Amino acid sequence: MTSTVVVTRKIFEQSLARLAPKFRVIANQDDVSLDATELHARVKDADAILSTTTDRIDAALLDAAPKLRAVCNIAVGYNNIDVAACTQRGIVVTNTPDVLTETTADLGFALLLATARRITESEAWLRAGQWKRWELDQMLGLDVHGTTLGILGMGRIGGAIARRASGFDMRVIYHNRSRSDQECGAHWVDKTTLLRESDHLVLVLPYSQQTHHIIGAAELSLMKPTATLINIARGGIVDDAALVHALKNKQIAAAGLDVFENEPALHPGLLECQNVVLTPHIGSASRATRMAMANLAIDNLRAVLDGQRPTTPVNPEVLGKP
Ligand code: GLV
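Okay, so let's go over this structure. If you're wondering where the values come from, they're calculated on a predicted model, not measured in any experiment. (Residues numbered from 1 in each chain as written. Predicted model: local features only at pLDDT ≥ 70, side-chain atom pairs only at ≥ 80, totals over all residues. Heavy atoms only, no water.)

1. Describing the overall build of the protein
A tally of regular secondary structure across the protein gives 12 helices and 12 strands. Taken against the 2.2 N^0.38 rule, which gives 20 Å for 322 residues, the C-alpha radius of gyration of the protein at 21 Å falls within 12% of a compact globule. The principal-axis extent of the C-alpha atoms belonging to the protein is close to 70 × 45 × 30 Å. Of all intrachain contacts in the protein linking residues separated by at least 6 positions in sequence, the fraction that spans at least 24 positions is 58%. When the accessible surface of the protein is totalled, it reaches about 15,600 Å², and 52% of it is carbon and sulfur. (Helix = DSSP H or I, 4+ residues; strand = E, 2+ residues; numbered from the N terminus. Rg over C-alpha atoms; globule rule 2.2 N^0.38 Å. Contact = heavy atoms within 4.5 Å. Areas by Shrake-Rupley, 256 points an atom, 1.4 Å probe, with all protein chains shown as cover.)

Dropping the structure here:
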């Protein structure tokens, strides 16, 4: 019998074409927002779901999808999915690591440079017609080259950022629960040292209960008043209210944020701060990389439905179970 695939959000037409002939596809090319009730109704006959970070795949959804065999997320992060509940039901979860590493590291570095050199603030000021003459002390920012880069979390993306930093003659320090085998010239330090010594601190760790608000008021108070904080990981890792307080009170110099607690809603205080660069969760958003992510997720989905091993399972312990 033909398997049913539910695609929760709009995907590239080329990606959809890789599913359509083989499966009965319930697509959402109009990209309508589906609340939990609507999503639950859609997945009732689903054998697989092609999901994104905006979909909440929890036990209630799994209960509404009794035939479900695979949840294939088009993202490296999978904190939107209750993986334990999937594993318990023998449902394979997959993500899209590797294909987005370099693109996400590019965005991390772009945010770092934009934040340190006040790029978006300068442009807004110029566009507002405020540039009347050149001045020696106009829009003074912070150096990136030759400074100390801190990385919290040292997985693949952290390593790719560390490699970029060597071109800027930066000293690179990192903190991870365990010392990483992909240090890329970076030195492990404890978290307090990381916070105290970083001139620019980039967050690249996954979100979980353990990392919720791992950067809050206490951590921000340890940072240099000249430091910047860059978050390309997940909202909720930073306590946004504490960050707004630190930015307004110049406890740190500036922040560059691609992710937010409760996004797409923003803490209103962030919009009041000049010393913050804001982007709408575009870490992996180059055309080539988003295509590669969709393709990898579809490869994973097709593999599971064909009884093969997917390339990037999150819960490999489920594989091989009847
Ligand atoms: C994006 O945030 C991802 O996890 O891939």
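2. Comments concerning the pairing of strand E1 (residues 4-7)
Within a regular strand, side chains alternate between the sheet's two faces. Both faces of E1 are covered, namely the face carrying Thr4 and Val6 and the face carrying Val5 and Val7. Pairing geometry for E1 and strand E2 (residues 24-26), over 3 bridges, is parallel. Each residue of the ladder has a partner; that of Val5, found in E2, is Val25. (Buried < 20%, exposed > 50% of the residue type's maximum accessible area, 1.4 Å probe, protein only. Pairing = 2+ DSSP bridges.)

3. Examining the packing of aromatic side chains
Tallied over the full model, the rule gives 1 aromatic pair. Taking the centre distance of 5.0 Å and the plane angle of 45 degrees together, the rings of Phe109 and Phe168 count as tilted. With a gap of 59 residues between them, Phe109 in helix H5 (residues 101-116) and Phe168 in the loop between helix H7 (156-166) and strand E7 (171-175) connect regions that are remote in the sequence. Relative accessible area serves as the criterion here: at 6%, Phe109 is assigned to the buried category. By relative accessible area, which is 29% here, Phe168 ends up partly exposed. (Phe/Tyr/Trp six-rings, centres within 6.5 Å; stacked < 30°, edge-to-face > 60°.)

4. Digging into the site of the ligand
The immediate surroundings of the ligand are formed by Ala75, Val76, Gly77, Leu100, Arg234, His281 and Met293. Contact distances for the ligand include 2.7 Å between an oxygen atom and a side-chain N or O atom of Arg234. Between His281 and the ligand, the recorded distance is 2.6 Å, taken from a side-chain N or O atom to an oxygen atom. For the ligand, whose unbound accessible area comes to 190 Å², protein coverage reaches 88%. Of the residues contributing to the shell around the ligand, the split by class is 4 nonpolar, 2 polar and 1 charged. (Near = heavy atom within 4 Å. Polar contact = N/O pair within 3.5 Å; in protein donor to acceptor, adjacent residues only side chain to side chain. Nonpolar A, V, L, I, M, F, W, Y, C, P; charged D, E, K, R; others polar.)

5. Considering the nonpolar core
If you look at the biggest cluster of nonpolar residues, it comprises 45 residues, and the most contacted ones within it are Leu19, Leu50, Leu149, Ile151, Ile161, Ile232 and Leu301. The set of elements that each furnish at least two residues to this core consists of E1, strand E3 (48-51), strand E4 (70-73), H5, strand E6 (148-152), H7, E7 and helix H12 (287-305). Broken down by element, this core gets its largest block of residues, 7 residues, from H5. Counting residues in hydrophobic clusters, the runner-up holds 29 residues, among them Leu195, Ala246, Cys273 and Val276. (Core = buried A, V, L, I, M, F, W, Y, C linked by side-chain atoms within 4.5 Å.)

6. Focus on the packing of H5 against H7
Contact geometry of H5 with H7 gives a least axis separation of 9 Å together with a crossing angle of 55 degrees. Taken as axis vectors, H5 and H7 run oblique relative to one another. The two elements H5 and H7 meet at a crossing, and its hand is right-handed. Only Arg156, Ile157, Ala160, Ile161, Arg163, Arg164 and Ala165 of H7 make contact with H5, whose side of the interface consists of Thr101, Glu102, Thr104, Ala105, Asp106 and Phe109. Of the residues in the contact of H5 with H7, the class split is 6 nonpolar, 2 polar and 5 charged. (Axes fitted to C-alpha atoms, helices over the stretch in contact; angles between N-to-C directions. Parallel < 35°, antiparallel > 145°, perpendicular 65-115°, else oblique. Left-handed = near helix turned anticlockwise from the far one by under 90°.)

7. Points about the sheet that holds strand E8 (residues 187-188)
An order of E8-E7-E6-E9-E10-E11-E12 is seen for the 7 strands of this open sheet, with the pairing classed as parallel. What marks the edges here is a single partner per strand, and that holds for E8 and strand E12 (276-278). Pairing analysis gives 4 bridges linking strand E9 (residues 200-203) to strand E10 (residues 228-231), with the strands arranged parallel. Looking across to E10, one finds that Leu203 is bridged to Asn231. Together, E10, strand E11 (254-257) and E12 form the strand contacts of helix H10 (residues 240-248), whose direction differs from that of E11 by roughly 145 degrees.

8. Topic: the sheet that holds E4
The 5 strands are arranged E2-E1-E3-E4-E5 in an open sheet whose pairing can be described as parallel. Two strands close off the open sheet at either side, each with one partner strand: E2 and strand E5 (92-94). The average undirected angle you get between the axes of adjacent strands in this sheet is 15 degrees. Docked against the sheet, H12 engages E1, E3, E4 and E5, running at close to 170 degrees with respect to E3.

9. Comments concerning the environment of Gly216
Considering the arrangement of structural elements, one finds Gly216 in the loop between E9 and helix H9 (217-222). A relative accessible area of 7% means that Gly216 is categorised as buried. Setting aside residues no more than four positions away along its own chain, Gly216 makes contact with Asp239 and Ala242.

10. Structural notes on the pattern of salt bridges
Any two side chains of opposite charge can pair, on the condition that their charged atoms come close. Here the structure, examined in full by the defined rule, presents 19 salt bridges. For the salt bridge of Lys44 with Asp45, the shortest nitrogen-to-oxygen distance reads 3.4 Å. The salt bridge partner of Asp47 is Lys67, with a shortest N-O separation of 3.9 Å. In this pair, Asp47 sits in the loop between helix H2 (36-42) and E3 while Lys67 sits in the loop between helix H3 (59-63) and E4, placing the two residues 20 residues apart along the sequence. Of the residues examined, Lys67 reaches a relative accessible area of 34% and is grouped as partly exposed. Put simply, Glu102, Asp106, Arg163 and Arg164 are held in one network by salt bridges that share partners. (Salt bridge = Lys/Arg side-chain N within 4 Å of Asp/Glu carboxyl O.)

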